[in-house]
Amino acid sequence: MTLPNQAPPIFNFNELTSIDLDAQSPLAKGSIRKVFLVPGHEDHLVKVFRSNKTPHHQKRQLHMHKLPWLRHPIVFDQNRYDLRELSSLSKRVGPLIWQHFPPTYGIVDTTLGPGLVQQKIRNADGSDCLNLEVSLKNESDMPRIKEALWQFRSFLSYHHIVIRDLNTGNLLVHHDLDDALTIIMIDGFGNSDYFKWASVSRALNDKKLDRKFGRLMSYLQI
Ligand SMILES: Nc1ncnc2c1ncn2[C@@H]1O[C@H](COP(=O)(O)OP(=O)(O)O)[C@@H](O)[C@H]1O
Ligand SMILES: [Mg+2]
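The notes below deal with the structure included here. (Residues numbered from 1 in each chain as written. Chains lettered and ligands numbered in written order. Predicted model: local features only at pLDDT ≥ 70, side-chain atom pairs only at ≥ 80, totals over all residues.)

Regarding the overall build of the protein chain
Note the following rule: Secondary structure is summarised from DSSP: a helix means a run of H or I of at least four residues, a strand means a run of E of at least two, and numbering begins at the N terminus for each. Residue burial here comes from a neighbour count, namely the number of other C-beta atoms, placed from the backbone, that lie within 10 Å of the residue's own C-beta, with 20 or more meaning buried, 12 or fewer meaning exposed, and in between meaning partly exposed. For the purpose of contact definition, each residue receives a C-beta atom placed from its backbone, and two residues are in contact when these atoms lie within 7 Å.
Looking only at helices and strands, one finds 6 helices and 8 strands in the protein chain. In sequence order, the protein chain lays out its α and β elements as β-β-β-β-α-α-β-β-α-α-β-β-α-α. Burial status across the protein chain gives 30% buried among its 222 residues. Across the protein chain, every contact between residues at least 6 apart in sequence was considered, and the portion connecting residues at least 24 apart equals 60%.

Listed below in structure tokens is the structure:
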């Protein structure tokens, strides 16, 4: 995990010409991507599309191939979308952004298609950093998780950061050395609304954050 206020460590992912993932089992699976460790780089992971969720498949499922002018192709490519969003956030917010979002390096070829290379978020003691879905099973952490979620909401509001999908699989609960908790959002940032009002108005973004955090809190019953 990158220390707060520091730029992410340099990772020369260009050295990785093509990553062979054929013999590897995924570390985690999301709704559209599978996540693998980069072989030989235990602190980095690569996200590739599930075989039926490639940008091409998603476009066809929504029949968007018939209406190509309606949506920009990047909308269907979650890897390119994440890379673009995180680069623009890091330019606008500066290194503080890595307190709550994962350092992300670029897109490389893999045997399972193009993959997004990202830092694997670990707890300060080196253990795996679990997502909120899994962390919720430890009920004694609930009040501290709630506090960390509100702190994350303030960060998003202060820096006018727009999010689209605040689900428990997209949030990691990071444990510091003194066991303070921080929320890291690894997916679900950016604005997918047709009219992007939240991106132009802080007040409207705050309303959107209230709605999304309200829904999450009632789902978590905290
Ligand atoms: N940078 C990361 N560090 C540690 N774990 C991660 C990271 N990115 C993703 N994961 C794990 O992989 C899971 C799926 O990743 P995600 O990016 O949400 O995929 P999808 O786009 O398919 O939803 C997450 O719930 C989390 O457990
Ligand atoms: Mg996800």
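After that view of the structure, there is still more to cover.
Some points on the site of ligand 1
Put simply, the rule is: The rule is simple: place the C-beta atom from the backbone, and if it lies within 6 Å of a molecule or strand, the residue is near it. When residue character is reported, Ala, Val, Leu, Ile, Met, Phe, Trp, Tyr, Cys and Pro are called nonpolar, Asp, Glu, Lys and Arg charged, and the others, Gly included, polar. What counts as a domain boundary in this text is fixed by an automatic or database domain assignment.
Inspection of the region around ligand 1 gives 21 residues, with Ala 28, Gly 30, Arg 33, Ile 121 and Asp 187 positioned closest. Broken down by class, the residue content of the shell around ligand 1 amounts to 9 nonpolar, 8 polar and 4 charged. Residue contributions to the shell around ligand 1 reach at least three from each of two domains, namely domain 1 (1–120) and domain 2 (121–222).

Remarks on the sheet that holds strand β4 (residues 41–49)
Note the following rule: Pairing between two strands is assigned when DSSP locates at least 2 bridges connecting them. Orientation is described by axes fitted as lines to C-alpha atoms, over the contacting stretch for helices, and by angles from 0 to 180 degrees between their N-to-C directions.
Strand order in the open sheet formed by 6 strands is β1-β5-β6-β4-β3-β2, and the pairing between neighbours is mixed. For this open sheet the edge positions go to β1 (18–19) and β2 (28–29), each flanked by a neighbour on one side alone. Sheet contacts for helix α2 (residues 78–93): β3 (33–38), β4, β5 (104–110) and β6 (115–119); angle to β5, the most-contacted strand, approximately 160°.

Some points on α2
What counts is decided by this rule: Every helix has an expected span of 1.5 Å times one less than the residues it contains. The directions from the helix axis to the C-beta atoms form the arc being described.
With 16 residues, α2 ought to run about 22 Å at 1.5 Å a step, and its terminal C-alpha atoms sit 22 Å apart, in line with that. Those residues of α2 not exposed but buried are Gln 78, Asn 79, Asp 82 and Leu 86. Across the axial projection of α2, the buried residues extend over an arc of 95°, all falling on one side. Residues of α2 that are exposed and point over 90 degrees away from its buried face: Ser 87, Ser 88, Lys 91 and Arg 92. Among the structural elements, β3, β4, β5 and β6 are those in contact with the buried residues of α2. Downstream of α2 by one or two residues, Gly 94 has phi in the positive range, about 90°.

A closer look at the pairing of β5
Bridge count for β1 against β5 is 2 bridges, and the pairing is parallel. By the bridge assignment, Ile 19 is partnered in β5 with Thr 110. Here β5 pairs with β6 via 4 bridges, running antiparallel. Looking at the pairing, Ile 107 lines up with Leu 116 of β6. In this structure, the hairpin formed by β5 and β6 is closed by a connection of 4 residues, where Gly 113 is found at a positive phi of approximately 100°.

A closer look at helix α4 (residues 142–158)
In this model α4 runs 24 Å from its N-terminal to its C-terminal C-alpha over 17 residues, within 8% of the 24 Å that 1.5 Å per residue would give. Residues of α4 that are buried include every one of Ile 145, Ala 148, Leu 149, Phe 152, Arg 153 and Leu 156, and no others. Buried residues of α4, seen end-on, are gathered within an arc of 145° and therefore sit on one face of the element. Exposed residues lying more than 90 degrees from the buried face of α4 are Pro 143, Ser 154 and Tyr 158.

Re the pairing of β6
The buried fraction of β6 is high, at 5 of 5 residues. Inspection of the sheet shows β4 paired to β6 by 4 bridges, in the antiparallel sense. Within β6, the residue paired with Val 46 across the bridge is Val 117.

Concerning the nonpolar core
How we decide: In these notes, a nonpolar core means any group of buried Ala, Val, Leu, Ile, Met, Phe, Trp, Tyr and Cys residues linked to one another through C-beta atoms within 7 Å.
Among the nonpolar cores identified, the biggest contains 24 residues, and Phe 101, Ala 148, Ile 163, Leu 172, Val 173, Ile 183 and Ile 184 are the most heavily contacted of them. When contributions to this core are tallied by element, the ones reaching two or more residues are α4, β7 (171–175) and β8 (181–185). With 5 residues, the single largest contributor to this core is α4. Looking at which domains feed residues into this core, each of domain 1 (1–120) and domain 2 (121–222) supplies at least three. Discounting residues that sit within four places of it in the chain, Ile 183 has contacts with His 100, Ala 148, Leu 149, Phe 152, Leu 171 and Val 173. Within the second largest apolar cluster, 12 residues are counted, among which are Ile 19, Phe 36, Val 46 and Val 117.

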